[in-house]
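Next come the chains, spelled out residue by residue.
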Amino acid sequence: MSTTTPPPPANPHGNVAPPPAPAPSNDVTLTIDGQSVTVPKGTNVLEAARTLGLDIPAFCYHPGLPIVAQCRQCLVSVEKNPKLQPSCQQVCGDGMVVHTTDKQSALARQQQLEFTLLNHPVDCPICDKAGECTLQKLYFEHDNADSRVDVPKVHKAKAVDLGPTVVLDQERCILCSRCIRTCDLVSGQHQLDFANRGDHEILTTAPGEQLDNPYSLNTVDVCPVGALTAKDFRFTMRAWELEATPSVCNGCATGCNIEIHHKHGRAWRLVPRHNAKVNDY
Ligand code: SF4
Ligand code: SF4
Ligand code: FES
């Protein structure tokens, strides 16, 4: 049998037809901190970095929610771009070169963290979120310094009853809006909103509303700090004392994936477990 490649077909004028154009790729390849990574088109830089094991700090970003890029904690440098970019909002481009540890972006994130902490109580020893709090983790990783503020901090309400299941500590809220977006998107009800401005801005219930939708407790799950606590769990157990067992919710036929957090033979809380095919986040 012959192994020679057949010649390309000729058109009616005897010219050889050009080879077919390659199918457009659905991937882009970029470099983050010197490492090459290929991701599907549309992926943001923060998620691309996570595939490399690089954990860019983030507060307002949640993979299951619309992106608002308002906390600015995830700023990175992108070559050929004069301004730092929020990596949660920056879509990956082919050939893009990103730096997350350069002096400029590291300083910006440190200053942003200090800004977020300006009026924060940092009362971690009595906070239910201690041990699983993004702000506490970043504070100890990146700053861990005494406050430079030499005027009294702005105080806000410590125990606001938002509805039947959730309590808000307004001082601990970092105004990331994850809870607002969760209500808007998941339950389709605008029950939470921001009020006031500047350092007096607070999270509160929307006019005429209370937080009573069936997914209210998911706001506690998405809150990156200890601002929202579940009435049936707050002040009961320390997060690090609980053991987690993967399970499936038996509340209805959907079969949402959950973790049962238990101790001493008792289930203390149920938290969502990611499963893209059933319940997403
Ligand atoms: S929200 Fe986080 S940083 Fe703030 S007091 Fe609670 S554990 Fe500490
Ligand atoms: S309560 Fe939590 S989730 Fe809601 S805006 Fe404040 S920090 Fe964000
Ligand atoms: S996580 Fe990117 S701006 Fe908040």
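A. Main features of the overall build of the protein chain. Of the regular secondary structure elements, the protein chain holds five helices and 13 strands. Rg of the C-alpha trace for the protein chain: 24 Å, well past the compact-globule value of 19 Å for 281 residues, more than 25% over. Contacts spanning at least 24 positions in sequence make up 51% of the contacts within the protein chain whose residues lie at least 6 apart. Carbon and sulfur atoms provide 54% of the accessible area of the protein chain, an area that totals close to 16,200 Å². When the 25 positive and 30 negative side-chain charges of the protein chain are each reduced to one mean point, those points stand 1 Å apart.

B. Seen up close, the site of ligand 1. The environment of ligand 1 is formed by His120, Val122, Asp123, Cys124, Cys127, Ala130, Cys133, Leu135, Gln136, Arg172, Val225 and Gly226. Cavity membership is defined here by more than half of the atoms lying within 2 Å of grid points; on that basis ligand 1 lies in the largest cavity. A breakdown of the residues in the shell around ligand 1 according to their chemical character gives seven nonpolar, three polar and two charged.

C. Focus on the side chain of Arg178. With respect to the helices and strands, Arg178 occurs in helix H4 (residues 178-187). Although Arg178 lies buried, it forms no salt bridge, and the closest oppositely charged side chain, Glu47, sits 9.5 Å away as judged by the N-O distance. A polar contact of 2.8 Å, which involves the side chain of Arg178, links it to the backbone oxygen of Phe59. With near-sequence residues (within four places) excluded, Arg178 lies in contact with Phe59, Cys60, Tyr61, His62, Leu65, Val222 and Pro224.

D. Region of the structure containing the pairing of strand S12 (residues 257-263). Pairing between strand S11 (residues 243-248) and S12: six bridges, direction antiparallel. Residue pairing in the sheet places Val248 in a bridge with Asn257 of S12. By the bridge criterion, six bridges tie S12 to strand S13 (residues 266-272) in an arrangement that is antiparallel. Residue pairing across strands places His262 opposite Ala267, the latter belonging to S13. Connecting the antiparallel pair S12 and S13 is a turn made up of two residues, with His264 showing a positive phi of about 55°.

E. Looking closely at the site of ligand 2. The local shell around ligand 2 holds 13 residues, among which Cys173, Cys176, Ser177, Cys179 and Cys223 are the closest. According to the grid-proximity analysis, the pocket containing ligand 2 is the second largest cavity. A per-class count over the shell around ligand 2 returns eleven nonpolar, one polar and one charged.

F. Expanded view of the nonpolar core. Counting residues in hydrophobic clusters, the biggest one holds 31 residues, and the most contacted among them are Leu135, Leu192, Leu203 and Leu228. Taken domain by domain, this core gets at least three of its residues from each of domain 1 (28-117) and domain 2 (124-147 + 155-235). With 21 residues, the next largest nonpolar core counts Val45, Leu46, Ala49 and Val76 among its residues.

G. The arrangement of the layout of surface pockets in detail. Considered as a void within the structure, the largest pocket measures approximately 1,700 Å³ in volume. Lining the largest pocket are 50 residues, with Leu217, Asn218, Asp221, Val271 and Pro272 positioned closest to its centre. A per-element tally of the lining of the largest pocket places S13 first, with six residues. In terms of residue class, the lining of the largest pocket is made up of 26 nonpolar, 13 polar and eleven charged.

H. Geometry of unusual backbone geometry. For Ser177, which is not glycine, the phi dihedral falls at a positive 75°. Structurally, Ser177 is set in the loop between strand S7 (166-168) and H4. Owing to a relative accessible area of 8%, Ser177 belongs among the buried residues under this scheme.

I. Seen up close, the pattern of salt bridges. Under the counting rule described, the total for this entry stands at eleven salt bridges. The closest approach of N and O atoms between Glu132 and Arg269, which form a salt bridge, is 3.0 Å. Here the residue Glu132 occupies a position in the loop between helix H2 (103-117) and helix H3 (134-143), and Arg269 occupies one in strand S13, the gap between them amounting to 137 residues. Assessed through its relative accessible area of 33%, Glu132 is described here as partly exposed. One salt-bridge network, held together by shared partners, links Asp123, Lys158, Asp169, Glu171 and Arg172.

J. Structural view of H4. Judged by how many residues are buried, H4 sits mostly within the fold: seven of ten residues are covered. Three or more residues of H4 are buried, namely Arg178, Cys179, Ile180, Arg181, Thr182, Cys183 and Ser187. Looking at the buried residues of H4, the elements they touch are strand S8 (192-195), strand S9 (202-205), helix H5 (218-222) and strand S10 (228-230).

K. Quick look at H2. For H2, spanning 15 residues, the distance from its first C-alpha to its last is 21 Å, which sits close to the expected 21 Å at 1.5 Å a residue. Restricting attention to buried positions, one finds in H2 the residues Ser105, Ala108, Arg109, Gln112, Leu113, Thr116 and Leu117.

Rules used in this analysis
- Residues numbered from 1 in each chain as written.
- Chains lettered and ligands numbered in written order.
- Predicted model: local features only at pLDDT ≥ 70, side-chain atom pairs only at ≥ 80, totals over all residues.
- Heavy atoms only, no water.
- Helix = DSSP H or I, 4+ residues; strand = E, 2+ residues; numbered from the N terminus.
- Rg over C-alpha atoms; globule rule 2.2 N^0.38 Å.
- Contact = heavy atoms within 4.5 Å.
- Areas by Shrake-Rupley, 256 points an atom, 1.4 Å probe, with all protein chains shown as cover.
- Lys, Arg positive; Asp, Glu negative; His and termini not counted.
- Charge placed at Lys NZ, Arg CZ, Asp CG, Glu CD.
- Near = heavy atom within 4 Å.
- 1 Å grid on protein atoms, 1.4 Å probe; cavity = no way out; pocket = protein on both sides within 12 Å on 5 of 7 lines; lining within 4 Å.
- Sits in = over half its atoms within 2 Å of the grid points.
- Nonpolar A, V, L, I, M, F, W, Y, C, P; charged D, E, K, R; others polar.
- Buried < 20%, exposed > 50% of the residue type's maximum accessible area, 1.4 Å probe, protein only.
- Salt bridge = Lys/Arg side-chain N within 4 Å of Asp/Glu carboxyl O.
- Polar contact = N/O pair within 3.5 Å; in protein donor to acceptor, adjacent residues only side chain to side chain.
- Pairing = 2+ DSSP bridges.
- Core = buried A, V, L, I, M, F, W, Y, C linked by side-chain atoms within 4.5 Å.
- Domains from an automatic or database assignment.
- Points joined across faces, edges and corners; volume = space filled by probe spheres on them.
- Expected span 1.5 Å × (residues − 1).

Function cannot be read off these values alone, since they describe shape.
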